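Breakdown of the fold
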Amino acid sequence: MLRENRFKALGGAVLCMAFFLVAFQMPKISPKLQEKVDNAVQTTFELEDFSLEPVVVDAALNQKTPSELGGENLFRIKTGESAVGYVYLGEAPSLKNVFDYVVLFTPELAVKKSKILIYREDHGRQVGSQRWLKQFIGKKSGETLVYGEDIDGISGATISAKSMTLAVSNILESMKVLNDQHIL
């Protein structure tokens, strides 16, 4: 009986601790990453004063998109009351780790710029070159991108380049779903 009460008390304590940690978890976007996102928006859209308004996507609609959307990764860029574009912040796998990237969209949902924000590997850094990333500029929501066909390969960064191509293709498809549902 005593042993059973201890397990119940321990279980209750673990449950309370889990709720406490979830309630007070750190924001998903680190200050360093937020600074890089803000810098990308500022330089790409040539804005001094702007705000990033989270785009809320309900769980049912999120199930219909190939990319995880809403909350801490999809934002409307606003200056005053005007929307000037959108920002998608994502994470994609590289050889042994993941890298953070951002895709900036025009109000018409065409890619204005894509950028690797934080790359955590020694090999494959070529994927972050603007020379390679500029291939995504102008791609529109709903387009499907295939590595080696629509997007040229890059020597020394094959895994990261394939991953980035798939990630951008998925977000383009996801943006179309949101646009069709009048979320954007």
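Residues numbered from 1 in each chain as written. Predicted model: local features only at pLDDT ≥ 70, side-chain atom pairs only at ≥ 80, totals over all residues. Heavy atoms only, no water.

1. Details of the pairing of strand 4 (residues 98-105)
On a regular strand, each side chain points to the face opposite its neighbour's, so the side chains alternate between the two faces of the sheet. Definition in use: Three exposure classes are used, based on accessible area relative to the maximum for each residue type with a 1.4 Å probe and protein chains only: buried under 20%, partly exposed in between, and exposed over 50%. Each helix corresponds to a stretch of at least 4 residues labelled H or I by DSSP, and each strand to a stretch of at least 2 residues labelled E; elements are numbered beginning at the N terminus. Strands are treated as partners if at least two bridges between them are detected by DSSP.
Counting buried positions over the 8 residues of strand 4 gives 7, a clear majority of the element. Relative to strand 4, strand 3 (residues 82-93) is paired through 8 bridges, and the arrangement is antiparallel. Bridge pairing in strand 4 places Pro93 opposite Val98. Taking the residues that link successive antiparallel strands as the turn, the strand 3-strand 4 hairpin has 4 residues. Bridge count between strand 4 and strand 5 (residues 111-119): 7 bridges; the pairing is antiparallel. From the neighbouring strand, Phe105 faces strand 5, where its bridge partner is Val111.

2. Focus: the confidence of the model for the chain
Counted only if it meets this: Residue-level confidence of the predictor is what pLDDT reports, using numbers from 0 through 100. Two residues form a contact once any of their heavy atoms are found within 4.5 Å.
Here the chain averages 86 in pLDDT, and 84% of its residues register 70 or above. For residues 12-27, every residue scores under 50 in pLDDT, and the model assigns this stretch 0 contacts once sequence neighbours within four places are set aside.

3. Some remarks on helix 5 (residues 158-180)
A turn of α-helix holds 3.6 residues, and therefore any two residues three or four places apart point the same way. Worth spelling out the cut-off: In a helix, the anticipated span is given by 1.5 Å times the number of residues less one.
Counted at 1.5 Å a residue, the expected span for helix 5 with its 23 residues is 33 Å, and the 33 Å between its end C-alpha atoms agrees. In the stretch just after helix 5, His182 is the one whose phi turns positive, near 60°.

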